Structure formats: C-alpha cells, structure tokens
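Structural description and commentary
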Amino acid sequence: MKVPLLDLKAQYRQIEKEIRKAIDGVLESQMFILGETVRSFEEKAAAYCEVPHAVGCASGSDALQLALMALKIGPGDEVITTPFSFYASTSYIVRLGAVPVFADIDPRTFNIDAEKIEAAISEKTKAIMPVHLFGQMAEMVKIMEIAGRHGIPVVEDAAQAIGARYNSRPAGSIGTLGCFSFFPSKNLGAYGDGGLVTTADEKLAERLRSLRMHGEREKYIHHEIGINSRLDALQAAVLETKLPWLDGWSDARRENAETYNKLFQERDLAPGMVVTPHNAESENKRHRHIYNQYTLRAEARDELADFLRNKGIGHAVYYPVPLYLQPCFAFLGHEKGLCPETERAVEEVISLPVYPELTAEQIEQVVAAIAEFYR
Ligand SMILES: *Cc1c(COP(=O)(O)O)cnc(C)c1O
C-alpha cells in the first residue's frame, strides 16, 4: 500500500458540495478580482488571525514582497532572516535591492535562533524576518523584545503557520506584518495561488491595499510604483469555505504527529532518529504547532529517502541547501561554514506524511518501514 506525502483529494471529498456552491456563487456574480467575496474572506481571515487588518494578494511570495515594500525596504537596507527556509523568504529581500543577513537556526526547532539575531543587527538593519518553519512559530517574545529595543519592524513569514500560536498569540499577529501563503499544500490551501498580509497598523494596511493595485489610491492615480497582486474571488470563495475546517484539520495533523512521536519512542528507533523538536516550553499549552510538515532528523538520510521511495512512502527534504549557498545568491559572496546548524540540518532532515486524513494504519506502515531500514 502506498502512502502519499499529501492527499488533497481526500480533503476535497469532505467539502465538495460546499466548494462547488461557493464557486458557483462567484461564477454567477462574474466578479473575479477583489470585490465582495475577497473582502468577506479578508474579514474572516483577520478575525481568525486576531489582527485588525488582512490584505489578500496573489501568493505567499507576493505577501512577503508587499510587506517589505510597505516598510519601504530597498537598496542599502539589510534584513535579518533565516537561511533554512523556502527560497522566497530571501528572494524578495534581494529583489528589492536589500541585503539578506543570515542568522543561524536553533537546532531544536529549525527556526531562527533569537540569540543570534542581536549580533547581526547593524545601523542598516531595516527589518527582521523570522520564518515559522514547518508550522511551529519562532521565539517571537525574544524576537519582539530585541526588535523593540532597536526600533526595527518584524515581518513574520507565516506561510507555513496559519493558526499556529506562540504564547497564546496567533501567527501573523505579533510582528509588524504577517505573511501567509495559500499554496495548495499549506494547511489552508487554495485551488491555485493566493496569499495574505496581516497587520495591526492601519497605515500599513492602507499602503498594502494600494501597493497590490499598482500603487493606486484613486482610480488611475498612482502615488507610488506598486505591483499587480490581488487575490481572486474564486480563490477567496474556496478559502472562506475551508476556513471553518482549518482548526479541525490542523488538530488532526497534531494528533498524527503525536502518534509518530509515540511510535518512534516506543520502538526506540535507530540511533540518530530525533523526533520533531518543539519549542523549549512545548508542554506549555500556549504554544500550538500546526504541523504543516512533520520533520525529523535521520542518520543516513539520503539512503533512508531512497528506501522509502522504493516502498512507495511519500517523503520530502525541506530544504536541501542553505539559502546563502543557492546558485542565484552566489553574488552575495557567502561560503560554506556561515551557519553550521543550518548546514547540518540540510543533511539530516526528512519530512513524512502528516496530512489530516492519514490513517493510523498508514502511520504504522511508515514507522515500520523506517524501523526496517535501520535494522
Ligand atoms: C510556501 C512558502 C512561501 C511562498 O508562498 P507561495 O504562495 O508559494 O508564493 C514563502 N515562505 C515559506 C516559508 C513558504 O513555505
């Protein structure tokens, strides 16, 4: 029996009727760009994230770009971020002419190490951009304390973390701006691309609304050079339909992760297996990991991946290369050795199926295969 890394069809079957009705509504309205459907989703998303403002856009990548543009980040500026993430969390810093400054990760959480941020701050630092990797939030209390002391805004890359909490606060509600992605594989996935920026700052929200519409404030009057990045109504209708299901789906992922943890511990699996680490206070109910990925470290990772492939068990390596060693960022001039914990993680991590509809038998099967490999 095969176990896919993700099974979107299983989710679609649960909500098919509702989704078709929502899409039909948009087709009948023939209003595809922004409009009432998008406004309505933005309102619900803002309430879900416990922030005053949410601005839809075309993708999570654009959300990052718009957030940085709203903060007027440009040539000569520096943005502190993690090198262990998806490409987009660094690419828009560079696209806007700014320089990414990399702080290494905490090996327990795979998230930016708050302790390393302070040393990376210079007079040119214009933002700190932590990424809440795999669905677990970075240490936002420490990060906000450092940022506050230096008067630097914080942009949360919460693309993988919608509904995650740190100290009871939801992702995207702590930093100056929060950026979300609705790529289909995220916990809240659209049927295409989509993104969202959250903020408590009304001025920034206004700027975001203008920037996503070519910098327009009144019709055809452009106050600054924006981009075309809007959430379409079809995606907003899908997302609004799915939103009430999101917490249930994320809870199912959390249960699956717990089952893995328990089984791995029970079997006292291969040396080098380390179950997904948590924030230091993981027992603390105020933290909520939403397991967009269930990621662990494994000895002989590449051989394990080959073995799982042959068994038909879905898995992935997020991410195989530190961002500063990506070919496209070579001009930044970084070399191997810059962030040792990231360099270790890229060799060791492997993500396993954790999607909500995964069955207990499937989890057993994955664990049994891994146990067989290490025997
Ligand atoms: C998915 C993702 C993005 C980009 O989102 P898109 O909607 O695919 O553009 C950015 N950062 C992180 C950490 C992501 O996981």
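Residues numbered from 1 in each chain as written. Predicted model: local features only at pLDDT ≥ 70, side-chain atom pairs only at ≥ 80, totals over all residues. Heavy atoms only, no water.

With that settled, consider the overall build of the chain. When you go through the chain residue by residue, the secondary structure sums to eleven helices and 13 strands. Radius of gyration (C-alpha) of the chain: 21 Å, near the 21 Å computed for a compact globule of 375 residues. Each principal axis of the C-alpha distribution contributes one length, and for the chain these read about 70 × 55 × 40 Å. Classification of the 375 residues of the chain by burial places 56% in the buried group. Put simply, of all contacts in the chain between residues at least 6 apart along the chain, 73% involve residues at least 24 apart. Accessible surface, the chain as shown: approximately 16,400 Å² in total, 52% of it carbon and sulfur. Averaging the positions of the 41 positive and the 52 negative side-chain charges in the chain gives two centres separated by 3 Å. (Helix = DSSP H or I, 4+ residues; strand = E, 2+ residues; numbered from the N terminus. Rg over C-alpha atoms; globule rule 2.2 N^0.38 Å. Buried < 20%, exposed > 50% of the residue type's maximum accessible area, 1.4 Å probe, protein only. Contact = heavy atoms within 4.5 Å. Areas by Shrake-Rupley, 256 points an atom, 1.4 Å probe, with all protein chains shown as cover. Lys, Arg positive; Asp, Glu negative; His and termini not counted. Charge placed at Lys NZ, Arg CZ, Asp CG, Glu CD.)

Here the focus is the site of the ligand. Neighbouring the ligand are 13 residues, the closest being Gly60, Ser61, Gln160, Ser181 and Lys186. Between the ligand and the protein, one listed contact pairs an oxygen atom with a backbone N or O atom of Gly60 at 2.7 Å. At 2.7 Å, a side-chain N or O of Ser181 approaches an oxygen atom of the ligand. Bound to the protein, the ligand loses 93% of the 380 Å² it would expose on its own. Ranked by residues supplied to the shell around the ligand, first place goes to helix H3 (residues 60–70) with three residues. Looking at side-chain class alone, the shell around the ligand contains five nonpolar, six polar and two charged residues. (Near = heavy atom within 4 Å. Polar contact = N/O pair within 3.5 Å; in protein donor to acceptor, adjacent residues only side chain to side chain. Nonpolar A, V, L, I, M, F, W, Y, C, P; charged D, E, K, R; others polar.)

In this section: the side chain of Ser89. Its place among the elements puts Ser89 in helix H4 (residues 88–95). What makes Ser89 buried here is its relative accessible area of 1%. Reaching out from Ser89, the side chain makes a polar contact with the backbone oxygen of Phe86 at a distance of 2.8 Å.

Quick look at the side chain of Thr198 now. You can see Thr198 is positioned in strand S9 (residues 195–199). Of note is the side chain of Thr198, whose polar atom sits 2.9 Å from the backbone oxygen of Gly172. If near-sequence neighbours (up to four positions away) are discounted, Thr198 is found in contact with Cys49, Val51, His53, Ala54, Gly172, Thr176, Leu177, Gly178 and Phe180.

A word on the environment of Ile225. One can find Ile225 in the loop between strand S11 (221–222) and helix H8 (233–267). With 14 residues separating them along the chain, Ile225 and Leu211 place their C-alpha atoms 7.4 Å apart. Ignoring sequence-local partners within four residues, the contact set of Ile225 consists of Met69 and Leu211.

With that settled, the discussion passes to the sheet that holds S9. Across the sheet, which stays open at both edges, the four strands sit in the order S1-S9-S8-S5 with mixed pairing between neighbours. On the outer flanks of this sheet lie strand S1 (53–57) and strand S5 (155–157), each paired with one strand and no other. Strand-to-strand, the axes of this sheet are offset by a mean angle of 20 degrees, without reference to chain direction. Pairing geometry for S1 and S9, over five bridges, is antiparallel. By the bridge assignment for S9, Cys57 is matched with Gly195. (Pairing = 2+ DSSP bridges. Axes fitted to C-alpha atoms, helices over the stretch in contact; angles between N-to-C directions.)

Taken domain by domain, the chain holds domain 1 (8–103 + 110–244) and domain 2 (246–374). Taken together, the 41 residues of domain 1 in the interface contact 37 residues of domain 2. In total, about 3,400 Å² of surface goes out of reach between domain 1 and domain 2, with carbon and sulfur atoms giving 61% of it. Together, Phe110, Phe134 and Asn187 form the three largest contributors to the area buried by domain 1 at its contact with domain 2, with a combined 22%. If you look at where domain 1 meets domain 2, you find zero salt bridges. (Domains from an automatic or database assignment. Buried area = accessible area lost by both parts, 1.4 Å probe. Salt bridge = Lys/Arg side-chain N within 4 Å of Asp/Glu carboxyl O.)

Right, let's talk about the pattern of salt bridges for a bit. Applying the stated criterion across every chain yields a total of 24 salt bridges. For the salt bridge of Arg344 with Glu341, the shortest nitrogen-to-oxygen distance reads 3.1 Å. Separated by three residues within a single helix, Arg344 and Glu341 lie in helix H10 (residues 340–348), roughly one turn from each other. The network of salt bridges with common partners includes Asp247, Asp251, Arg254 and Arg288.

Let us now look at the pairing of S1. Across the five residues that make up S1, a large majority, five, are buried. Residues of S1 alternate between two faces, with His53, Val55 and Cys57 on one and Ala54 and Gly56 on the opposite face, all of them buried.

The next subject is the nonpolar core. In terms of nonpolar packing, the biggest core is built from 43 residues, with Phe41, Ile80, Ile143, Phe182 and Leu188 touching the most fellow members. Elements that contribute at least two residues to this core include exactly helix H2 (35–49), helix H5 (114–120), helix H6 (140–150) and H8. Core analysis: the next-biggest nonpolar cluster, separate from the first, contains 27 residues, Cys57, Leu68, Ala70 and Ala127 among them. (Core = buried A, V, L, I, M, F, W, Y, C linked by side-chain atoms within 4.5 Å.)

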